[in-house]
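Okay, here's what each chain looks like letter by letter:
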Amino acid sequence: MNPAMLYGVLVIAIVFEVLGTSAMQAAQHFTKPVPTLIMVVCYAIAFYFLSYTLRAIPVGIAYAVWSGLGIVLISLVGTFGFGQKLDLAAIFGLGLIIAGVVVLNVFSKSSFH
């Protein structure tokens, strides 16, 4: 599978992880069955697609992209979906995470190209 396709599969994994985390927020400590079920299904799908990418993308790189983009996306969901606020330090930190993921993927020889 070509690199663009593998990274596309990784993005699918990240999207389902973010959906699962959003459902976890809505599940309110597992007291709401439907969001809890959605969370479990989304995490299962996310880990399936993540494991698929590990066939060719090194685990450290895949996990850096997974966690970095997941943090940024769930922060946006928290802001726009749940009304949570990010201060300037949080926004700066998220920018550093994005920069780190870009450096790993553009400049690292460990990355899958």
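Residues numbered from 1 in each chain as written. Predicted model: local features only at pLDDT ≥ 70, side-chain atom pairs only at ≥ 80, totals over all residues. Heavy atoms only, no water.

### Digging into the confidence of the model for the protein
Any segment with low pLDDT has predicted coordinates that should not be analysed in fine detail.
Moving on, step 1. When pLDDT is averaged along the protein, the result is 92, and 97% of the positions lie at 70 or above.
Moving on, step 2. The secondary structure element of the protein with the lowest average pLDDT is helix H4 (residues 88-107), at 92, and the one with the highest is helix H2 (residues 33-53), at 97. (pLDDT = per-residue confidence, 0-100. Helix = DSSP H or I, 4+ residues; strand = E, 2+ residues; numbered from the N terminus.)

### Looking at the environment of Cys 42
Moving on, step 1. With respect to the secondary-structure elements, Cys 42 resides in helix H2.
Moving on, step 2. The buried category is assigned to Cys 42, whose relative accessible area is 8%.
Moving on, step 3. Sequence spacing of Cys 42 and Gly 70 is 28 residues, and the spatial spacing of their C-alpha atoms is 13 Å.
Moving on, step 4. With residues up to four places along the chain from it excluded, the contact list for Cys 42 reads Phe 16, Leu 19 and Gly 20. (Buried < 20%, exposed > 50% of the residue type's maximum accessible area, 1.4 Å probe, protein only. Contact = heavy atoms within 4.5 Å.)

### So, the environment of Asn 105
Moving on, step 1. With respect to the helices and strands, the residue Asn 105 is situated in helix H4.
Moving on, step 2. The exposure class assigned to Asn 105 is buried, which follows from its relative accessible area of 18%.
Moving on, step 3. Taking the C-alpha atoms as reference points, Asn 105 and Val 65, separated by 40 residues in sequence, lie 8.5 Å from one another.
Moving on, step 4. Separated by 2.9 Å, the side chains of Asn 105 and Tyr 7 make a polar contact.
Moving on, step 5. In terms of polar contacts, Asn 105 uses its side chain to reach the backbone carbonyl oxygen of Val 101, at 2.9 Å. (Polar contact = N/O pair within 3.5 Å; in protein donor to acceptor, adjacent residues only side chain to side chain.)

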